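Residue-level listing of the chains:
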Amino acid sequence: MSYSESELPKINPKTGKAFPVQLDDESLAKSLDPLSYDVLRKAGTEVDFTGKYYESETIGVYKCKACSAELFRSETKFHSGCGWPSFYAPTADDAVTLIEDRSLAPRIRTEVRCASCDSHLGHVFEGEGYEVPTDQRWCINSVSMILSTHCARRSSHSQRCIASMRSVILRK
């Protein structure tokens with residue numbers, strides 16, 4: 001039996017297994033605005049300094065706009081001045097996948113994709129000297145994410161969110 005390419009599951013190159021969330025690109029294109037679709041499924045980018053979450057200090061959880069998988073938390077967000085939301089770490093080691101990006105050859109970058117649905121999120125850079133615990137800047141397109149503020153309503157997690165944000169503010 002033969003399958004068309006659209007019927008085959010997308011495989012995670014890191015695990016060799018199918019991505020947990022298999023998206024139909026045609027349906028996704030209809031449900032998203034054109035820029036979000038271009039970024040998430042065609043590895044586009046939004047114009048710097050224009051994204052909804054670029055300067056946001058709202059406490060919450062940043063999720064993939066295509067599949068709602070948890071990606072980043074506000075306590076790891078920082079102001080890098082690069083024009084896109086910046087984080088110093090994803091929520092978990094397996095929240096994202098990293099792939100080599102040679103689209104700006106000879107410059108080699110590391111692309112960040114959602115580990116649940118393989119949608120493009122942005123890029124991660126290391127060794128830039130930001131005063132963050134990981135020395136990494138996860139530069140993520142606002143249009144690739146949705147911010148869920150429900151964490152502020154959960155008592156134990158809310159306490160950690162607020163304490164973390166206070167420590168970030170006090171360091172400024």
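Here the structure is shown first, and the text comes after it.
Residues numbered from 1 in each chain as written. Predicted model: local features only at pLDDT ≥ 70, side-chain atom pairs only at ≥ 80, totals over all residues. Heavy atoms only, no water.

1. Remarks on the sheet that holds strand 9 (residues 145–148)
Working step 1: An order of 2-1-9 is seen for the three strands of this open sheet, with the pairing classed as antiparallel. Pairing within the sheet leaves two strands with one partner each, and these edge strands are strand 2 (70–73) and strand 9. Neighbour-to-neighbour, the strand axes of this sheet turn through a mean angle of 30°, independent of strand direction.
Working step 2: Direction of pairing for strand 1 (residues 61–64) relative to strand 2: antiparallel, over a ladder of three bridges. Bridging across to strand 2, Lys63 finds its partner in Glu70. (Pairing = 2+ DSSP bridges. Helix = DSSP H or I, 4+ residues; strand = E, 2+ residues; numbered from the N terminus. Axes fitted to C-alpha atoms, helices over the stretch in contact; angles between N-to-C directions.)

2. Here's the deal with the pattern of salt bridges
Working step 1: In the structure shown here, the tally under the stated rule is ten salt bridges.
Working step 2: Where Asp118 meets Lys10, a salt bridge forms, and the shortest distance between an N and an O atom there is 3.1 Å. Pair noted here: Asp118 is in the loop between strand 6 (107–114) and strand 7 (120–126) and Lys10 is in the segment before helix 1 (25–31), with a separation of 108 residues, a long-range link.
Working step 3: Look at Asp118 and you get buried, because its relative accessible area is 11%.
Working step 4: Looking at Lys10, the relative accessible area reads 34%, which means it is partly exposed.
Working step 5: For Glu70, the salt bridge identified is with Arg73, shortest N-O distance 2.9 Å. (Salt bridge = Lys/Arg side-chain N within 4 Å of Asp/Glu carboxyl O. Buried < 20%, exposed > 50% of the residue type's maximum accessible area, 1.4 Å probe, protein only.)

3. A few points about the packing of aromatic side chains
Working step 1: Evaluated as defined, the whole model comprises six aromatic pairs.
Working step 2: Ring geometry for Tyr53 against Tyr62: centres 5.4 Å apart, planes inclined by 85°, an arrangement best described as edge-to-face. The same class applies to Tyr53 and to Tyr62, which are both buried.
Working step 3: Where Phe72 meets Phe87, the ring centres are 4.4 Å apart and the plane angle is 20°; that geometry is what we call stacked. Taken together, the residues Phe72 in strand 2 and Phe87 in strand 4 (residues 86–87) connect sequence positions 15 residues apart. Both residues of the pair, Phe72 and Phe87, count as buried. (Phe/Tyr/Trp six-rings, centres within 6.5 Å; stacked < 30°, edge-to-face > 60°.)

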